[in-house]
Amino acid sequence: MTAAASHTATQPPALASFRRVVVKVGSALLVDRARGRLNAAWLAALAEDVAELHARGADVLVVSSGAIAMGRSVLALPAGPLRLEESQAAAAVGQIALARVWAEVLGHHGITAGQILVTLGDTEERRRYLNARATLKKLLEMRAVPVVNENDTVATTEIRYGDNDRLAARVAAMIGADLLVLFSDVDGLYTAPPATDPSATHIPLVERISPEIEAMAGGAASELSRGGMRTKIEAAKIATASGAAMLIAHGGPKNPLRAVAAGARCTWFAPQSSPERARKTWIAGALEPRGTLVVDAGAAKALRAGASLLPAGVTRVEGGFARGDAVCVRDEAGREIARGLVAYDRDDAGRIAGRRTGEIETILGFRGRDAMIHRDDLALVGDG
């Protein structure tokens, strides 16, 4: 049984048992807005926590706010709401400072940091999604810690997440994380806002996000809930549906991950599946195929054994599809055996069908992906 599947009301899973962890850090934790300075001691302590997880073999990814807060301090922008162009200018300056800080604190522990700036389209449009996912997975494979932030220099109100809770959940789903940690200014979910209701009680475990749970976080139109508990519940719906556990914990103390591992009060949200099963279900049933790849008997057998689909095994390409689209995979008798996200446009797929992976660059003029469909992007269906 995986860590994400081992929740009980009395015994939450051990933090050290998760294999891929996304940690979301808000700007209020990183930056002391009253002084306009970085909370350097707190960040150094969090880096110690990340290094401990990393040393145990876990993949760790950080979703970090703070670019605008740091940038407005450097630019000496006045207090109060910023105009769009001021926010974008602050982000442009702050992103450099934020990346440098993360590189320094993680580098102190011998860990390489990689900056990833994303927009809404990078997690919602399949082609860009596949590119972003491949980059993140390669960084994790190389034992780096990606530091992700929304690209506020180009995002506008209409085309942005607007909060890093939901962005963190999308990233967790994208990379198949089994745990998402949201650090907040409260130690979890309560039956009512604890600051205004003395009778509010803490909820240690949410097995399923029901309408009652959503009501505890406040309505979507609530001014007080904007960017607060409401967005964390929305993040939990995304994360748990993708197979990740999620927890909300107080991020204020130094070494907040260590505190959670030691039993500090927090709220756990149980996953509704495993990351692998959730992704395969999405590919197999939620996407409309745009074309078909017909494969030979050897490729069909390899797919059933868990392999990726290589160009050499493809005998025919049908339909009109773009890279990142869902396609059917059929054997030579016409039986559908799988569905997957294809790594090539229809024309390029047709040109390399039946050819060895080593020939791809010569045929296409660029070094594409080795697999026509990677096994992580492929789900067996039907007779498969």
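(A) A look at the overall build of the protein chain. Along the protein chain, the regular secondary structure elements total 14 helices and 17 strands. Split into buried and exposed, the 384 residues of the protein chain put 51% on the buried side. For the protein chain, restricting intrachain contacts to residue pairs at least 6 apart in sequence, the fraction spanning at least 24 positions comes to 72%. When the accessible area of the protein chain is evaluated, it comes to approximately 17400 Å², of which 52% is carbon and sulfur surface.

(B) Summary view of unusual backbone geometry. The backbone of Ala76 sits at a positive phi, close to 55 degrees, despite the residue not being glycine. The topology assignment puts Ala76 in the loop between helix H3 (67-74) and helix H4 (84-107). If you check the backbone angles, Asn255 has positive phi at about 50 degrees while not being a glycine. Looking at the secondary structure, you find Asn255 in the loop between strand E11 (245-250) and helix H10 (256-261). A residue is classified by how much of its surface remains accessible, and Asn255, at 15% relative accessible area, is buried.

(C) The arrangement of the environment of Asp152 in detail. If you trace the backbone, Asp152 turns up in the loop between strand E6 (145-150) and helix H7 (164-175). Residue Asp152 is classed as buried on the basis of its relative accessible area, which comes to 10%. The spacing of Asp152 and Ala90 is 62 residues in sequence and 8.9 Å in space, taken between C-alpha atoms.

(D) Seen up close, the packing of aromatic side chains. Using the criterion set out here, one finds one aromatic pair in the structure. With a centroid separation of 6.0 Å and 15 degrees between ring planes, the pair formed by Phe18 and Trp268 is classed as stacked. A residue pair is termed long-range when its members are at least 10 positions apart, and Phe18 in the segment before strand E1 (20-25) and Trp268 in strand E12 (residues 266-269) qualify at 250 residues. For Phe18, a relative accessible area of 2% gives the class buried.

(E) Inspection of the sheet that holds strand E7 (residues 179-184) at higher detail. The strand order across the open sheet built from eight strands is E5-E6-E4-E1-E7-E11-E12-E10, with neighbouring strands paired in mixed fashion. Each edge of the sheet is formed by a strand with only one pairing partner; in this case those strands are strand E5 (113-118) and strand E10 (205-206). The sheet contact formed by E10 and E12 spans two bridges and is parallel. Bridging across to E12, Val206 finds its partner in Phe269. In the packing of helix H6 (residues 126-141) onto the sheet, the strands contacted are E1, strand E4 (59-64), E5 and E6, and the crossing angle to E6 comes to about 150 degrees.

(F) View of the packing of helix H2 (residues 40-55) against H4. Where H2 meets H4, the closest approach of the two axes is 9 Å, and the angle between their N-to-C directions is 55 degrees. By the angle between their directions, the pair H2 and H4 is classed as oblique. Crossing of H2 against H4: the hand is right-handed. Counted together, Leu43, Leu46, Ala47 and Val50 of H2 and Val101, Trp102, Val105 and Leu106 of H4 form the full contact between these two elements. Classifying every residue of the contact of H2 with H4 gives eight nonpolar, no polar and no charged.

(G) Structural context of the sheet that holds strand E16 (residues 336-341). Spatial ordering of the open sheet is given by E14-E13-E15-E16-E17, a layout of five strands whose pairing is mixed. Only two strands of the sheet have a single neighbouring strand rather than two, namely strand E14 (314-319) and strand E17 (378-380). Along the sheet, successive strands turn relative to each other by an average axial angle of 25 degrees, direction set aside. Pairing of strand E13 (residues 291-295) with E14 involves five bridges; the strand directions are antiparallel. Looking at E14, one finds that Val295 is bridged to Val314. Against the sheet, helix H11 (residues 275-285) touches E16 and E17, its axis set at about 105 degrees to E16.

Rules of the game
- Residues numbered from 1 in each chain as written.
- Predicted model: local features only at pLDDT ≥ 70, side-chain atom pairs only at ≥ 80, totals over all residues.
- Heavy atoms only, no water.
- Helix = DSSP H or I, 4+ residues; strand = E, 2+ residues; numbered from the N terminus.
- Buried < 20%, exposed > 50% of the residue type's maximum accessible area, 1.4 Å probe, protein only.
- Contact = heavy atoms within 4.5 Å.
- Areas by Shrake-Rupley, 256 points an atom, 1.4 Å probe, with all protein chains shown as cover.
- Phe/Tyr/Trp six-rings, centres within 6.5 Å; stacked < 30°, edge-to-face > 60°.
- Pairing = 2+ DSSP bridges.
- Axes fitted to C-alpha atoms, helices over the stretch in contact; angles between N-to-C directions.
- Parallel < 35°, antiparallel > 145°, perpendicular 65-115°, else oblique.
- Left-handed = near helix turned anticlockwise from the far one by under 90°.
- Nonpolar A, V, L, I, M, F, W, Y, C, P; charged D, E, K, R; others polar.

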